[in-house]
Amino acid sequence: AIAEAMFEALLVAYATSQDPALPPLTRFRAGLMAYVDLALSRPDEYRLTFDAKSQQACVNVEAADKSFDMLVANVASLMDAGLFRPDVPLAVAEAVWACLHGVVMLLLNQPEHVDTAPRTLVDTVVDAAIRGFQA
């Protein structure tokens, strides 16, 4: 139930972040930031949802599948538009998610190892993930 609620909240946060008037890469970045912001605002739910021991909680959660499918579709759309270099959309989506998940878990579980301001670190990671796949 916690995982389901977390993924439902993620879908809402993502939808809220998407302004069709913005350029595609700006919208993509806004979606990534919505993920990070939600995770950092609900640390206990995030940990319970994504902890390795809790992964069975995400099996058969429709919102989980939908949220990741949206990320893959967005990556594919950026590739089709020539904004991301051609690659395997699934692999790129997983790499982008790994960047997001990594920075979130670092900030939640080991903030004493981070000297950079959290928002600066998040911005740097998100920007690097996007630049790394740009055409």
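Just so you know, these numbers come straight off a predicted model, no measurement behind them. Residue numbers here run from 1 along each chain, matching the order of that chain's written sequence. Per-residue local features are limited, in this predicted model, to residues with pLDDT of at least 70; the limit for side-chain atom pairs, both in listing and counting, is 80 or more; totals at the level of whole chains, interfaces and linings are taken over all residues. Hydrogens and water molecules were not included; the side-chain quantities draw on all heavy atoms of the structure.

Q: So what exactly am I meant to see when it comes to helix α4 (residues 62-80) here?
A: Count 3.6 residues to each turn of an α-helix, and residues three or four apart come out pointing the same way. If you check α4, its first and last C-alpha atoms are 26 Å apart, about what 19 residues at 1.5 Å a residue would give, namely 27 Å. Exposure is judged per residue with a 1.4 Å probe applied to protein chains only, and the accessible area is read against the type maximum: over 50% gives exposed, under 20% gives buried, and values in between give partly exposed. Only DSSP runs of H or I reaching four residues or more are called helices, and only runs of E reaching two or more are called strands; each is numbered from the N terminus. Listed as buried for α4 are A63, A64, S67, L71, V72, V75, L78 and M79. Of the surrounding elements, those touching the buried residues of α4 are α1 (2-17), α2 (24-41) and α5 (89-109). In the stretch just after α4, G82 is the one whose phi turns positive, near 80°. Expected helix span is taken as 1.5 Å per residue step, with the number of steps being one fewer than the number of residues. Pairs of residues are marked as contacts when any of their non-hydrogen atoms sit within 4.5 Å.

Q: Teacher, can you tell me more about the pattern of salt bridges here?
A: Opposite charge on two side chains permits them to pair, given that their charged atoms come into close proximity. Should a side-chain nitrogen of Lys or Arg be within 4 Å of a carboxyl oxygen of Asp or Glu, the pair is scored as a salt bridge. Under the criterion given, the structure shown has six salt bridges. Notably, a salt bridge pairs R119 with D37, separated by 2.4 Å at the nearest N-O pair. With a gap of 82 residues between them, R119 in helix α6 (residues 118-133) and D37 in helix α2 connect regions that are remote in the sequence. The exposure class assigned to D37 is partly exposed, which follows from its relative accessible area of 34%.

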